[in-house]
Amino acid sequence: MRGRATIRGFRTSPFWSALLKYSYDSNADDDLTKDIEEQVHITRNLRDWRKEHMTVEQEIKIQASYAYDDGFSQGAHDKAVETARKMMEKNMSSEDIYELTGLSLNEIKRIAVSN
């Protein structure tokens, strides 16, 4: 049948035919592929759009939340390292420290060497 794509001999629906054709030749010639192309364009340009339409205050809030998340993660890691050091002082095994802190065995070895 004309207008239907096949995948290894199996016929596909018109929806998949349009999608496969679009992925092959990048020509948006029906509503589905035009919508897909529009969303791809929007996504690619999201950062530029955000810079154009966001106020400075909004941008500061977003950047602050990223910094907070990074700081929180770093704080959790620092606490795990501190806990590992205390566990080493109590002669706990590296495997137990790994299991209880979530630190990698290599990192536990580095901590042990630095003590």
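Our structure's up above, just so we're on the same page.
Residues numbered from 1 in each chain as written. Predicted model: local features only at pLDDT ≥ 70, side-chain atom pairs only at ≥ 80, totals over all residues. Heavy atoms only, no water.

Student: I'd like a description of the overall build of the protein chain, backed by residues and values.
Tutor: Per the secondary structure count, the protein chain includes six helices and two strands. Starting at the N terminus, the α and β elements of the protein chain follow one another as β-β-α-α-α-α-α-α. By residue count, 15% of the 115 residues in the protein chain fall in the buried class. (Helix = DSSP H or I, 4+ residues; strand = E, 2+ residues; numbered from the N terminus. Buried < 20%, exposed > 50% of the residue type's maximum accessible area, 1.4 Å probe, protein only.)

Student: Please provide a residue-by-residue account of the pattern of salt bridges, values included.
Tutor: Side-chain pairing between opposite charges can occur once the charged atoms of the two side chains come close. What the rule picks out here adds up to two salt bridges. Between Glu82 and Lys79 there is a salt bridge, with its nearest N and O atoms 3.8 Å apart. Residue Glu82 and its partner Lys79 are both found in helix 4 (residues 56-89); the two are separated by three residues, about one turn of the helix. Taking relative accessible area as the criterion, Glu82 reaches 35% and is therefore assigned partly exposed. The shortest N-O distance in the salt bridge between Glu82 and Lys86 comes to 3.3 Å. Here Glu82 and its partner Lys86 are both found in helix 4, four residues apart, which amounts to about one turn of the helix. By sharing partners, the salt bridges in this structure join Lys79, Glu82 and Lys86 into a single network. (Salt bridge = Lys/Arg side-chain N within 4 Å of Asp/Glu carboxyl O.)

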